[in-house]
Amino acid sequence: MTAQRRVVAEVLDGEHVHLTADEVHARAVAKLPEISRATVYNTLGELVSLGEVIEVTTDKRAKRYDPNAHRPHHHLVCAQCGSIRDVHPTGNPLADLPDSERFGFTVSDVEVTYRGICPNCTSA
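Residues numbered from 1 in each chain as written. Predicted model: local features only at pLDDT ≥ 70, side-chain atom pairs only at ≥ 80, totals over all residues. Heavy atoms only, no water.

A. How the structure looks around the sheet that holds strand S4 (residues 74-78). If you trace the three strands from one edge of the open sheet to the other, you get S5-S4-S6, paired in mixed fashion. Either end of the sheet is taken by a strand with one partner, and the two such strands are strand S5 (84-87) and strand S6 (113-116). With strand direction ignored, the average angle separating the axes of adjacent strands in the sheet is 25°. In this structure, S4 lies alongside S5, joined through four bridges in antiparallel fashion. Bridged to Leu76 within S5 is Arg85. (Pairing = 2+ DSSP bridges. Helix = DSSP H or I, 4+ residues; strand = E, 2+ residues; numbered from the N terminus. Axes fitted to C-alpha atoms, helices over the stretch in contact; angles between N-to-C directions.)

As structure tokens, then:
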């Protein structure tokens, strides 16, 4: 693993991490000043291709990168500030879609996004 890839992985480490590429770059530069924006973008693309990171798009905001790629989860998004939290509701959303609503599709995946106002925005 190159130093650049290691730094990007370190920046993405943690629970509820959903950084934009620019945020990843800014944090990576603090650890490895010579890392370029192009290297960060390329590394994020490689990590997505490898299934190590999930690319998350909510509304018309910038893409975010979620390192929680190996545990199925959904997202809870603040409609005001855009903060994202991973959530793990019980149940199986694939099973919740009745056959009559599948229209002949073989459904292989589901993405659920919950929206609301976070505590920081509620108290502001």
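B. Focus on the UniProt feature "binding site: Zn(2+)" (unreviewed entry) in the chain. On the UniProt side, "binding site: Zn(2+)" (unreviewed entry) is annotated at positions that read Cys78, Cys81, Cys118 and Cys121 here. Taken along the chain, the residues just named run across 44 residues; in space they keep tight, none of their C-alpha pairs more than 8.2 Å apart. Its place among the elements puts Cys78 in strand S4. The class of Cys78 is buried, set by a relative accessible area of 3%. (UniProt positions renumbered as here; feature names shortened; annotations may be inferred. Buried < 20%, exposed > 50% of the residue type's maximum accessible area, 1.4 Å probe, protein only.)

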